[in-house]
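Results of the structural survey
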Amino acid sequence: MTVSQITTHVLDAQRGVPAPGVGVELSRRSGEGWEPVASGTTDADGRAKQLGPERVPGGEYRLRFDTGAYFAASGTDTFYPEVLIGFTVADDGRHYHVPLLLSPFAYSTYRGS
């Protein structure tokens, strides 16, 4: 199994567990706006390890998380139907791990390793 250069891990901070089944889309900024690169769903451990190719060109990227559907599946109201995280990838081949700590009314992220 090959791991993509950009990965994520979604943790449900309200329940204190990984968030499986969250839809994730990776896009890259182009001259025409945002162009899709890959999409997937978090696994049982809340991770998306195959989100695009092993290596992406440098530039601006965005992860979109379908948090509304995740919370709706458990009957939980949420203020955020989606979470967008924009970040810059250097053209040096390093791995980018972008975790999301999620609750119905707040979220946080950071550059992981």
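Here the structure is a predicted model, which is why all the values come from computation and not from measurement.

Before going further, it helps to spend a moment on the nonpolar core. Membership of the largest hydrophobic core comes to 22 residues, with the highest contact counts inside it found for Ile6, Leu63, Phe65 and Phe87. For this core, the element with the most residues is strand β7 (residues 83-89), which contributes 4 residues. Once residues lying within four places of it in the same chain are set aside, the contact partners of Phe87 are Ile6, Leu26, Gly59, Glu60, Tyr61, Arg62, Leu63 and Val98.

Moving on, we come to the pattern of salt bridges. Applying the stated criterion across every chain yields a total of 7 salt bridges. The partner of Arg15 in a salt bridge is Asp12, and the shortest N-O contact between them spans 3.8 Å. Residue classification places Asp12 among the buried positions, given a relative accessible area of 2%. With its nearest N and O atoms 3.0 Å apart, the salt bridge here joins Arg29 to Glu60. Taken as a pair, Arg29 in strand β3 (residues 23-30) and Glu60 in strand β6 (residues 59-65) lie far apart in primary sequence, 31 residues in all. The class of Glu60 is partly exposed, set by a relative accessible area of 39%. Linked through salt bridges whose partners overlap, the residues forming this network are Glu25, Arg64 and Glu82.

Here we take up the UniProt feature "binding site: substrate" (unreviewed entry) in the chain. Summarizing the sequence annotation, UniProt attributes the feature "binding site: substrate" (unreviewed entry) to His9, Arg47 and Tyr110 in the numbering used throughout. As for its position among the elements, His9 is in strand β1 (residues 6-12). For His9, the contacting residues outside a window of four places in its chain are Asp45, Gly46, Arg47, His97, Val98, Pro99 and Leu100. In terms of polar contacts, His9 uses its side chain to reach the backbone carbonyl oxygen of Asp45, at 2.9 Å. Locating Arg47 in the fold gives a position in strand β5 (residues 47-48). Excluding residues that lie within four positions of it along the chain, Arg47 makes contacts with Thr8, His9, Thr41, Thr42 and His97.

About the criteria used
Residues numbered from 1 in each chain as written. Predicted model: local features only at pLDDT ≥ 70, side-chain atom pairs only at ≥ 80, totals over all residues. Heavy atoms only, no water. Core = buried A, V, L, I, M, F, W, Y, C linked by side-chain atoms within 4.5 Å. Buried < 20%, exposed > 50% of the residue type's maximum accessible area, 1.4 Å probe, protein only. Helix = DSSP H or I, 4+ residues; strand = E, 2+ residues; numbered from the N terminus. Contact = heavy atoms within 4.5 Å. Salt bridge = Lys/Arg side-chain N within 4 Å of Asp/Glu carboxyl O. UniProt positions renumbered as here; feature names shortened; annotations may be inferred. Polar contact = N/O pair within 3.5 Å; in protein donor to acceptor, adjacent residues only side chain to side chain.

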